[in-house]
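Now for the letters of each chain:
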Amino acid sequence: MRIMRFLAPLCAATMMFAAGNAFLNKNASLYADASGGSALGELIVSSTVKELSKSGDFTEVEFTGFMPEGSTIAYEKAGILMVGFEAKDATVYKIVGQQKDEYDTVWLNVSVKGFVKSDALGSDKAKILASGKVLFQGKCGSCHALHAEDEFDANVWPSILDAMGQQASLSKADKFSIVKYLQNFKP
Ligand code: HEC
């Protein structure tokens, strides 16, 4: 009986919140606390975060990524320009390590913790990328034929989308949704 009394609250706490990975289903601000006050920066659609705890409408998450020295943008992988988090400034990051890519460029391994609205998180990355595909098919084939998803690699698509985003008057959200779909097409 003594053991039961000890275990019961422990099980309840575990069932209430299952920590694990989640994916951004849209671009969303990352806040310093669970009141949504000051933003540390913006998490970008389809990026992976670790869920740490829940607090009202917010979930505390940790994003871990890579950035070249002197940058404020952290990418999901070292050497691949898939934006994970755009920080308001570099001080929000904790540097946890570093590594060199094949061109000898140093990438800092960084992490940032904060609170994101829980409705910006999803569990199905394929479904999130599929919304990017719908946008790509809807917005990118009106002036010219739709380009093939595998025509360019993950480091080339961002500059094309910067140029085409202006042509197609894309919002930042739509641009990232399309570029993340294209970058993940042939990972
Ligand atoms: C308003 C018309 C218009 C829309 C909409 C448009 N494009 Fe284009 N696109 C162009 C024009 C014009 C060119 C050729 C000249 C240039 O490269 O700017 C082009 C060229 C391209 C190229 C070839 C670039 C190269 O260097 O070979 C790609 C790839 C491309 N577009 C992708 C896209 C994608 C992806 C979208 C959707 C976000 C898109 N386009 C939407 C007008 C458009």
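Heads up: the structure comes first, above all this text.
Residues numbered from 1 in each chain as written. Predicted model: local features only at pLDDT ≥ 70, side-chain atom pairs only at ≥ 80, totals over all residues.

A. Focus on the nonpolar core. In terms of nonpolar packing, the biggest core is built from 40 residues, with Leu24, Leu43, Ala74, Val112 and Val116 touching the most fellow members. Residue contributions to this core peak at 6 residues, all from strand S9 (residues 106-117). For this core, the two domains that each supply at least three residues are domain 1 (18-122) and domain 2 (125-185). If near-sequence neighbours (up to four positions away) are discounted, Leu24 is found in contact with Leu43, Ile44, Val45, Ser46, Ser47, Val49, Ala120 and Leu121. (Core = buried A, V, L, I, M, F, W, Y, C linked by C-beta atoms within 7 Å. Buried ≥ 20, exposed ≤ 12 C-beta atoms within 10 Å, placed from the backbone. Helix = DSSP H or I, 4+ residues; strand = E, 2+ residues; numbered from the N terminus. Domains from an automatic or database assignment. Contact = placed C-beta atoms within 7 Å.)

B. Fine view of the site of the ligand. The environment of the ligand is formed by 14 residues, the closest being Cys140, Cys143, Met164, Gln167 and Ala168. For the shell around the ligand, the element with the most residues is helix H3 (residues 157-167), which contributes 5 residues. Residues that form the shell around the ligand fall into these classes: 9 nonpolar, 4 polar and 1 charged. (Near = placed C-beta within 6 Å. Nonpolar A, V, L, I, M, F, W, Y, C, P; charged D, E, K, R; others polar.)

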